[in-house]
Structure formats: C-alpha cells, structure tokens
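# Descriptive analysis of the structure
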Amino acid sequence: MANELPGQDTPLALVRYTAADRVEVHFKPDRTFTVEGIQQMMAARQQLGVSGPHKVLMIMPEHVDFDLAMISTDHYRQMPQPNTLAVAWVARTERNATFTRMYLAYFPPPFPSAVFLTEAEARTWLGW
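Here the structure is a predicted model, which means the values were calculated and not measured. Every residue gets a number counted from 1 within its own chain, in the order that chain's sequence is written. Where totals are concerned, whole chains, interfaces and linings use all residues; where local detail is concerned, this predicted model gives features only for residues with pLDDT of at least 70, and gives and counts side-chain atom pairs only at 80 or more. The side-chain numbers reported here are obtained from all heavy atoms of the structure, hydrogens and water having been left aside.

## Structural notes on the overall build of the chain
Defined as follows: We count a stretch as a helix when DSSP gives it H or I for four or more residues in a row; a strand needs E for two or more, and each element gets its number in order from the N terminus. Relative accessible area decides the class of each residue, using a 1.4 Å probe on protein chains only: under 20% of the type maximum gives buried, over 50% gives exposed, and in between gives partly exposed. Any pair of residues with heavy atoms lying within 4.5 Å of one another is described as a contacting pair. Method for areas: the Shrake-Rupley scheme with a 1.4 Å probe, in which residue coverage is limited to the protein chains shown.
When you go through the chain residue by residue, the secondary structure sums to 5 helices and 8 strands. Counted from the first residue to the last, the chain has its helices and strands arranged as β-β-β-β-α-β-β-α-α-β-α-β-α. Expressed along its principal axes, the backbone C-alpha trace of the chain runs to roughly 40 × 30 × 30 Å. By residue count, 43% of the 128 residues in the chain fall in the buried class. Long-range pairs, those at least 24 residues apart, make up 74% of the contacts in the chain between residues at least 6 apart in sequence. Total accessible area on the chain stands at roughly 6800 Å², and carbon and sulfur atoms take up 56% of it.

Laid out in structure tokens, this is it:
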C-alpha cells in the first residue's frame with residue numbers, strides 16, 4: 001500500500017508509526033518479555049524514530065511473562081531513544097501495571113512515562 005506508514009515486526013512486538021509524531025508498539029500475546037526481545041523492539045523504535053520527535057503508546061496483552069533478567073536491565077541506558085518525548089504503557093491488568101510501575105521506578109526513563117489500564121486513558125495522557 002503506497003500510503004502505509006513504516007513499521008517493523010519483531011519477535012516480541014509490532015512497532016509502527018501511526019502518524020509523523022506517533023509510534024505504537026503492540027506486544028504479541030503469549031510471549032515472555034526477555035532482554036533480547038526488548039532490545040529488538042527498542043532497535044525497531046530507534047530505527048523508526050530517527051525521523052523526529054514522537055510519543056509512544058506501548059500496548060501489552062493481558063497475559064505477560066517477565067524474564068528476571070529483563071526486569072533487572074536498564075534498557076534505555078543500553079539503547080537510548082533520543083527522539084522519544086513520552087511513553088504511555090497500556091498494562092491491561094493490575095499485575096502488568098504493578099510490574100511496569102516497579103520497573104519504571106527502578107529505571108526511570110529520561111522522558112515522561114505513565115502506566116494505564118486502558119488504551120483510552122493512555123491516549124488521553126499522550127494528547128491523542
């Protein structure tokens with residue numbers, strides 16, 4: 001399709017631009033969040049994000065497994081995202097929200113971030 005915005009499919013997530021200043025990350029169901037998977041997703045974000053400043057919507061499936069090495073790694077230190085203005089996480093469940101909030105408290109990103117249970121709340125926070 002000629003008007004299709006760029007995107008990348010990684011083993012953990014589909015990463016795509018939905019507008020010039022918006023990136024959405026749709027994590028795939030039945031996957032474990034591992035260091036390698038997160039690094040691949042972040043590499044896709046970094047590659048797509050070179051075009052300019054943008055906000056990111058991260059959408060998790062209801063069931064997520066978190067590898068211990070993944071939650072004890074500072075991913076933004078390893079792979080900075082210089083054009084990221086803000087990230088909203090859609091956790092869908094309290095369990096996912098708790099893990100995500102703990103991770104962000106331990107490794108705060110260099111831009112505003114927040115965790116929500118619904119996509120509508122996250123989009124509102126991002127100003128979409």
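So, next bit.
## Side note on the nonpolar core
The test is simple: Put simply, a nonpolar core is a bunch of buried Ala, Val, Leu, Ile, Met, Phe, Trp, Tyr and Cys residues held in one set by side-chain atoms that sit within 4.5 Å of each other.
The biggest cluster of nonpolar side chains holds 30 residues, and the ones touching the most others in it are Val25, Phe27, Phe33, Met41 and Met58. Of all elements in the fold, only β2 (13–19), β3 (22–27), α1 (35–48), β5 (54–59), β7 (84–90) and α4 (94–106) reach the threshold of two or more residues within this core. At 5 residues, the largest contribution of residues to this core is made by α1. Leaving out residues up to four positions away in the same chain, Phe27 has contacts with Leu12, Ala13, Phe33, Ile38, Met41, Met58, Ile59, Met60, Pro61 and Trp89. Core analysis: the second largest hydrophobic core is formed by 9 residues, Ala86, Ala88, Ala114 and Phe116 among them.

## Quick word on α1
Inclusion rule: Multiply 1.5 Å by the residue count of a helix minus one, and that product is the helix's expected span. Working note: the arc is built from the helix axis to C-beta atom directions.
Its 14 residues give α1 an end-to-end C-alpha distance of 20 Å, which sits within 8% of 20 Å, the value for a rise of 1.5 Å per residue. All of the buried residues in α1 are Gly37, Ile38, Met41, Met42, Ala44, Arg45 and Leu48. For α1, the angular spread of buried residues about the axis comes to 155°, placing them on one side. With respect to the buried face of α1, the exposed residues turned more than 90 degrees away are Glu36 and Gln47.

## Some points on empty space enclosed by the protein
The line we're drawing: Cavities and pockets were defined on a 1 Å grid built from protein atoms only: a cavity is a group of points that admits a 1.4 Å probe but offers it no way out, a pocket is an open group of points flanked by protein on both sides within 12 Å along at least five of seven lines, and a lining residue is one with an atom within 4 Å of any such point. Grid points are joined across faces, edges and corners, and a volume is the space filled by probe spheres set on the points. Only Asp, Glu, Lys and Arg are considered charged, only Ala, Val, Leu, Ile, Met, Phe, Trp, Tyr, Cys and Pro nonpolar, and every remaining residue, Gly among them, polar.
Applying the stated criterion to the full structure yields 1 cavity of 30 Å³ or more. What the largest cavity holds in volume is close to 180 Å³. Around the largest cavity, the lining comprises 16 residues; the ones closest to its centre are Ile38, Met70, His75, Trp89 and Tyr103. Those elements that place two or more of their residues in the lining of the largest cavity are α1, α2 (68–71), α3 (75–78) and α4. Here the lining of the largest cavity is composed, by residue class, of 13 nonpolar, 2 polar and 1 charged.

## Structural notes on the pattern of salt bridges
What counts, and what does not: We count a salt bridge whenever a side-chain nitrogen from Lys or Arg sits within 4 Å of a carboxyl oxygen from Asp or Glu.
Within this structure, the stated rule accounts for 5 salt bridges. We note a salt bridge from Asp21 to Arg22, for which the minimum N-O separation is 3.8 Å. You can call Asp21 partly exposed: its relative accessible area is 40%. Since its relative accessible area comes to 26%, Arg22 is described here as partly exposed. A salt bridge links Arg123 to Glu24; its shortest N-O distance comes to 2.8 Å. With Arg123 in helix α5 (residues 119–126) and Glu24 in strand β3, this residue pair connects regions lying 99 residues apart in the sequence. Its relative accessible area of 23% is what places Arg123 among the partly exposed residues. Here the residues in one salt-bridge network are Arg16, Glu24, Glu119 and Arg123, joined through shared partners.

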